[in-house]
Amino acid sequence: MQRRLSAILKTTAARLSALYLLLFAVCAVVLVIYMTSLSVRMLTAQTMDTINEEVQDLARAYERGGLPLLARYIELRSRQPGANLYLIADSDGRILAGNVQSLEPGVLATDGWTTRPFTYTRYGETAGRGGLLQRTQVAPLQSHAAIALVFRLPNQMIVLVGRDLGEPERFRVVVRNALMAAFGMMGLGALAIWFFVGRRALKRIDDVSAASLRIMGGDLSGRLPVSGAGDEFDRLSENLNVMLARIGDLNEGLKQVSDNIAHDLKTPLTRLRNRAEATLNSAPSPTEYRAALESMIAESDQLIRTFNAILMISRLEAGYSAEQVVKVDLAEAVRDVAELYEPAADEVGVTLETTIDAAHIVTGNRELIGQALSNIVDNAIKYSAGASENPLVKVALARRGNDAVLSVSDNGPGIPDPQDRERATERFVRLEKSRSQPGSGLGLSLAKAVMKFHGGRLDLVSGDPGLTVSMVFHEARGES
């Protein structure tokens, strides 16, 4: 399936590249045609303006001196280098003056602008045959194309003023060749870019496909390649790698939870079964039966609490919860937890102190924050009791920059090893080898999940002696 998807991507990329090249070629051809025709039209319009000015000059010369002055004027103009076309003919079309030796038949038949370019020959080139202009045949090798304005004098003599189209034609050819050369080079550049960049993109697709095949084969530690170019492929690969890392963490957590459940829940279940079997095999009194049932109920309640904690942690770590989020006063939560655990601390000889510098308001769930703080305080009391002559647990609420820090410190044995401090927040991890203290190893895991749900973090710092566990809430609002 992955290979087929890779082949489809390659085929699609090749087809898109071919389509883009075709569109580029079509646009280039259209642009060349448009630019050359536009250039010809502009030069033709300028030529017609020049002819109109010449006709006006000839009209003024005719008004001043009649036909003799007009003929001399045309004779002088026609001898100048690069002169326009000048012709005076009688009413039958025979040439009387000018620099045009022969014309294409039918040019002098209609007054006004010629409807299309016509061919002609100048004096000094091979002449056509026949006395009349309308019957003149032009040698193809010496013919030129021109446009002209034809008009008649009051005495019915014909005057033609025109302009050779060789210059506009040459300009059109130059523009066309220049555009074709430019677009040809651009096309070659596009082909080169497609060859190198397109092949590079296809190679990266192959690399991504190969990495995906390895991951689909079971290697969840594999990651998609990142070239470091910072382009779209890299951003996609980085996002997918983050997703793969998250999936790997969840799979590792699931594996660890499964192992810990099998290890940590097997003991209470076995103890529960053995207690029931011992009660059945003996002949206890009703009082002993009752005591055994109460003990089994307490053990079952502990198992239920453990499973509830597992479900709560999983739901919070997955990023969703049905818990209501409101404004929570951390100072009030500290006072409530201290009031709840003060009798239990006094019972085991632990002094419980609270320090609140000011009220701190955060957005969250009061029950979850209270439960997380209760777990931390319960652990501190449990592990500091009997660890020193004056066991002490301090609960403090203070501000650190924009953060509100709720910390619980004790003078118990603590966790000196940094690696053990990292493991302490994992599910079912109990660093106490003897397992003499009650608990399931989920207290700090739940506290970490609660802080993640609230966008904060849980820090464990060695107190030497003891341990300080801090619940850090970001961007909390303080009140004096």
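Undergrad: Got a sec to walk through the overall build of the chain? Specific residues and values, please.
TA: The helix and strand inventory of the chain stands at nine helices and 15 strands. Nonlocal contacts in the chain, meaning residues at least 24 apart in sequence, comprise 64% of its contacts between residues at least 6 apart. Total accessible area on the chain stands at roughly 27,900 Å², and carbon and sulfur atoms take up 58% of it.

Undergrad: Please set out the packing of helix α7 (residues 366-384) against helix α9 (residues 443-453) residue by residue, giving values where relevant.
TA: Interaxial distance between α7 and α9 falls to 9 Å at its minimum, and their mutual angle equals 145 degrees. Like other packed secondary-structure pairs, α7 and α9 cross with a definite hand, here left-handed. Contact residues: L368, I369, Q371, A372, N375, I376 and N379 in α7; G443, L444, L446, A447, V450 and F453 in α9. Residues of the contact of α7 with α9, tallied by class, amount to nine nonpolar, four polar and no charged.

Undergrad: Could you give an account of helix α6 (residues 330-347), with specific residues and numbers?
TA: Helix length check: α6, at 18 residues, gives a terminal C-alpha distance of 26 Å against a target of 26 Å (1.5 Å per residue), a fit within 8%. At Y341, α6 shows its strongest bend, of approximately 40 degrees, with the proline P343 following within four residues. Burial in α6 covers these residues: L330, A331, A333, V334, V337, A338, Y341 and A345. By the N-cap criterion, in which a side-chain oxygen at the helix start approaches the backbone nitrogen of a residue two or three places on, α6 is capped by D329, the distance to A331 being 3.1 Å.

Undergrad: Now, about a nonpolar patch on the surface: what can you tell me, with residues and values included?
TA: A contiguous nonpolar patch, built from L19, L22, L23, V26 and V30 and spanning about 450 Å² of accessible area, is present on the exposed surface. Along the chain, the position of V30 falls in helix α1 (residues 2-78).

Undergrad: Go over the environment of N375 with me, naming the residues and quoting the values.
TA: Assignment of secondary structure puts N375 in helix α7. Spatially, the C-alpha atoms of N375 and L442 are 8.9 Å apart, while their sequence positions differ by 67 residues. Filtering out sequence-adjacent residues up to four positions away, N375 remains in contact with G443 and L446.

Rules of the game
Along each chain, the written sequence defines residue order, and numbers are assigned to residues from 1. A pLDDT threshold of at least 70 governs which residues receive local features in this predicted model, and a stricter bar of 80 or more applies before side-chain atom pairs are shown or counted, although totals over entire chains, interfaces and linings include all residues. No hydrogens and no water enter the side-chain calculation; it runs on all heavy atoms of the structure. Secondary structure follows DSSP: runs of H or I at least 4 residues long count as helices, runs of E at least 2 residues long count as strands, and numbering of each begins at the N terminus. Every residue pair with non-hydrogen atoms within 4.5 Å of one another is taken to be in contact. Reported accessibility uses the Shrake-Rupley method at a 1.4 Å probe radius. Residues are deemed covered only where the shown protein chains occlude them. Think of each axis as a best-fit line through the C-alpha atoms, taken over the contacting stretch in the case of a helix, with angles from 0 to 180 degrees between the N-to-C directions. A clockwise turn of the near helix away from the far one marks a right-handed crossing, whereas an anticlockwise turn of less than a right angle marks a left-handed crossing. When residues are sorted by character, Ala, Val, Leu, Ile, Met, Phe, Trp, Tyr, Cys and Pro go into the nonpolar class, Asp, Glu, Lys and Arg into the charged class, and all the rest, Gly among them, into the polar class. In this scheme, a helix's expected span is set at 1.5 Å multiplied by one less than its residue total. Think of it this way: the bend at a residue is just the angle between two axes, each fitted to seven residues, one set ending at that residue and the other starting at it. Partly exposed residues are those whose accessible area sits between 20% and 50% of the maximum for their type, while under 20% is buried and over 50% is exposed, using a 1.4 Å probe and protein chains only. Whenever two N or O atoms come within 3.5 Å, that pair is a polar contact, provided that in protein one can donate a hydrogen and the other can accept it, and provided that, for residues adjacent in sequence, both atoms are side-chain atoms. Residues enter a patch when their relative accessible area is above 30% and they make no salt bridge; the linking distance is 9 Å between like charges and 5 Å between nonpolar side chains (Val, Leu, Ile, Met, Phe, Trp, Tyr). When a carboxyl oxygen of Asp or Glu is within 4 Å of a side-chain nitrogen of Lys or Arg, the pair counts as a salt bridge.

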